[in-house]
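Spelled out, the chains give:
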Amino acid sequence: MNDKIDKKTEATLICALKNAKAYSQKLQENREKRLWKKVDVPCSLYDAINGLTKSEMDIIRKNYDFRGLSSFKKAELASELAKLIPLKIKKFIFTLDQGRYDFIKMIINSSGVIPDTGISVKNAESFMEFSIIFPGLYGDQKVLFMPSELINIFSQIDSSELKNIVQRNTEWIQLTHGLLYYYGVMDVWRIKEKIKEHTYQEVDILEYRNVMSFACNFYGQARYTPYGYQDDRVFDAKKIVDEHIMRPGVDYYPFTKKQLLKAGVPNYVDITPEMNSFIRFLLKHYKLSDEETNEIALQITNMINADSKPALIIQYLQSWMEFPSFEFVQQLAEKIMELHNNTRQWVLKGHTPNELFQEEKKFLKPLPPEPFKIVRGDSNVIGISTRTKVGRNDPCPCGSGKKHKKCCGK
């Protein structure tokens, strides 16, 4: 009976997953269909906006913080937006980074229209939601175009001053992404100070917030929360902030500007010597492409930062490959623990568990002769011999009978 129920449940789950995938694919198709609508180019800003839905216009209205227009009907709203956006577009242009600036210049240099470059739906929507670049279907071809009024405004603003601001914005965005890659969550004031430290320039908070607002929307690597900015991989910002507060004596790891800019690139993975060793271990047993090893490295780094237990990481790897023997699993567990102890972690302010442990070890009492590894509860190091973290309120592994925090974890 149980087997029948299990099989029935399994079939239901598989069916649900298939339906969810089909539904997701349908939503994507609808987004694409809505995005690539027939247009005549060149066209005016009013014509471009008037071709949008009322809800799409409302997003533009909110992005520019236009007040008193929410009750307008579609045609009225299109007309009003076409009048107001040219007055506000300069503020948006001054939030651009190098990549988006170059993209806009490419369209302008092509008389305001180019064939679709394979831009993602998300990025096309981001440009459209600020009424700077619009997607459309011209004849049978997907195109990206810029209304003539905006081309004129951009050309008037384009100067050495704008180029300097674009360069500054590029550094701000990449440094922010790099900081969040290693620290997980940071409040705006702390990010501001870190950027100042690396650029030797003052950072205006309002300008910075404007720059990051569009960058978050466009790149999707970070988002703003009540705790400040957080890396998009973070599930529980409060937990990370609480962990940071619990370690007042631990400074944020002092990454160099070069390290942060490198980590600010999308899908970056910090390939440490331990990660290299782990990948080499896998490649001894399996044929894996560079794409597959990069994906495994990325996901394991994310899982370690999410405080996943080694067993869960092993389970994840088992979804990729079949384990040949129990001895292999033992070796794999050793490698994972070595990787865990040498991965820079959000909760540790960018330090690795081993770095903090080595620092804390200076203050520990001499180790007793028993064959085990003493680990501070708040160090986040996993002991090779026990394969578990020793909590502050757990019995001390030295056998004294006291809580760890009252004994060797003191």
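Criteria and thresholds
- Residues numbered from 1 in each chain as written.
- Predicted model: local features only at pLDDT ≥ 70, side-chain atom pairs only at ≥ 80, totals over all residues.
- Heavy atoms only, no water.
- Helix = DSSP H or I, 4+ residues; strand = E, 2+ residues; numbered from the N terminus.
- Buried < 20%, exposed > 50% of the residue type's maximum accessible area, 1.4 Å probe, protein only.
- Contact = heavy atoms within 4.5 Å.
- Areas by Shrake-Rupley, 256 points an atom, 1.4 Å probe, with all protein chains shown as cover.
- Phe/Tyr/Trp six-rings, centres within 6.5 Å; stacked < 30°, edge-to-face > 60°.
- Lys NZ or Arg CZ within 6 Å of the ring centre and 35° of its normal.
- Arc of directions from axis to C-beta.
- Expected span 1.5 Å × (residues − 1).
- pLDDT = per-residue confidence, 0-100.
- Salt bridge = Lys/Arg side-chain N within 4 Å of Asp/Glu carboxyl O.
- Pairing = 2+ DSSP bridges.
- Axes fitted to C-alpha atoms, helices over the stretch in contact; angles between N-to-C directions.

**Focus: the overall build of the protein chain**
Here's step 1: Within the protein chain one finds 17 helices and six strands.
Here's step 2: Burial analysis of the protein chain (410 residues in total) assigns 46% to the buried set.
Here's step 3: Put simply, 65% of the contacts in the protein chain that link residues at least 6 apart link residues at least 24 apart.
Here's step 4: In the structure as shown, the protein chain presents an accessible area of about 22,500 Å², 54% of it carried by carbon and sulfur atoms.

**Brief notes about the packing of aromatic side chains**
Here's step 1: Tallied over the full model, the rule gives 25 aromatic pairs.
Here's step 2: Seen from their ring centres, Phe323 and Phe328 are 5.4 Å apart, and the 45° between their planes marks the pair as tilted. Pair check on accessibility: Phe323 and Phe328 agree, each one buried.
Here's step 3: Grouping aromatic residues by their ring pairs yields a cluster made of Tyr64, Phe66, Phe92, Phe103, Phe127, Phe130, Phe214, Phe218 and Tyr219.
Here's step 4: Taking the ring centre of Tyr252 as reference, the NZ or CZ of Lys349 above it sits at 5.3 Å.

**Topic: the environment of Leu332**
Here's step 1: Looking at the element boundaries, Leu332 is found in helix α16 (residues 326–341).
Here's step 2: You can call Leu332 buried: its relative accessible area is 1%.
Here's step 3: Linking Leu332 and Phe278, residues 54 residues apart in sequence, is a C-alpha distance of 8.4 Å.
Here's step 4: Leave out the neighbours within four places in its chain, and Leu332 touches Phe278, Phe281, Leu282, Ile314, Leu317 and Phe323.

**Quick look at helix α11 (residues 237–245)**
Here's step 1: What α11 keeps buried is the set Ala237, Ile240, Glu243 and His244. With its buried residues spanning 130° around the axis, α11 presents them on a single face.

**A short note on helix α13 (residues 273–285)**
Along an α-helix, residues three or four apart share an orientation, since each turn contains 3.6 residues.
Here's step 1: Relative to the 18 Å expected for 13 residues at 1.5 Å per residue, α13 spans 19 Å between its end C-alpha atoms, a close match to the ideal helical length.
Here's step 2: Where α13 is buried, its residues touch α14 (290–305), α15 (310–318) and α16.

**Section: the confidence of the model for the protein chain**
Here's step 1: On average, residues of the protein chain carry a pLDDT of 85, and 80% of them reach 70 or more.
Here's step 2: Under a pLDDT of 50 for its full length, residues 381–387 has, in the predicted model, 26 contacts with residues more than four places off or in other chains.

**A few points about the pattern of salt bridges**
Here's step 1: With the rule as written, the count across this model stands at 18 salt bridges.
Here's step 2: The closest approach of N and O atoms between Glu207 and Arg168, which form a salt bridge, is 2.7 Å. Highlighted residues: Glu207 in helix α10 (residues 205–219) and Arg168 in helix α8 (residues 160–183), separated in sequence by 39 residues.
Here's step 3: A relative accessible area of 37% places Glu207 in the partly exposed class.
Here's step 4: Between Glu355 and Arg344 there is a salt bridge, with its nearest N and O atoms 2.9 Å apart. Of this pair, Glu355 sits in helix α17 (residues 353–361) while Arg344 sits in the loop between α16 and α17, placing them 11 residues apart in sequence.
Here's step 5: Taken together, the salt bridges that share partners define one network made up of Lys54, Asp58 and Arg61.

**Thoughts on the sheet that holds strand β5 (residues 222–225)**
Here's step 1: Within the open sheet, the three strands sit side by side as β4-β6-β5. Their pairing is antiparallel. Strands at the two margins of the open sheet, each flanked by one partner only, are β4 (185–186) and β5.
Here's step 2: Examined bridge by bridge, β5 and strand β6 (residues 228–231) share four bridges and lie antiparallel to one another. Paired with Arg223 across the two strands is Gln230, which belongs to β6.

**Looking at unusual backbone geometry**
Here's step 1: Here the residue pair Val41 and Pro42 is connected by a cis peptide bond, since its omega of 0° sits within 30 degrees of zero.
Here's step 2: In this structure, Ser131 is a non-glycine residue whose phi angle is positive, near 55°.
Here's step 3: Note on placement: Ser131 falls in the loop between α6 (121–128) and β2 (134–138).
Here's step 4: Since its relative accessible area comes to 0%, Ser131 is described here as buried.
Here's step 5: With a phi angle near 60°, Lys349 is a residue other than glycine that sits in the positive phi range.
Here's step 6: Its place among the elements puts Lys349 in the loop between α16 and α17.

**Some thoughts on the side chain of Asn305**
Here's step 1: By secondary structure assignment, the location of Asn305 is in helix α14.
Here's step 2: If we ignore the near neighbours within four places in the chain, the residues touching Asn305 are Arg344, Gln345 and Trp346.

**Let's talk about the side chain of His244**
Here's step 1: Residue position: His244 is located in helix α11.
Here's step 2: Assessed through its relative accessible area of 6%, His244 is described here as buried.

**Thoughts on the pairing of strand β3 (residues 141–145)**
Here's step 1: In terms of strand pairing, strand β1 (residues 113–115) meets β3 through three bridges, oriented antiparallel. Residue Val113 lies in a different strand from β3, and its bridge partner there is Phe145.
Here's step 2: Of the strand pairs in this sheet, β2 and β3 are connected by five bridges, and their pairing is antiparallel. Within the sheet, the bridge partner assigned to Leu137 lies in β3 and is Lys142.

**Details of the sheet that holds β1**
Here's step 1: Strand order in the open sheet formed by three strands is β1-β3-β2, and the pairing between neighbours is antiparallel. Only two strands of the sheet have a single neighbouring strand rather than two, namely β1 and β2. Direction aside, neighbouring strands of the sheet carry axes that sit 35° apart on average.
Here's step 2: Together, β1 and β3 form the strand contacts of helix α5 (residues 98–108), whose direction differs from that of β1 by roughly 100°.

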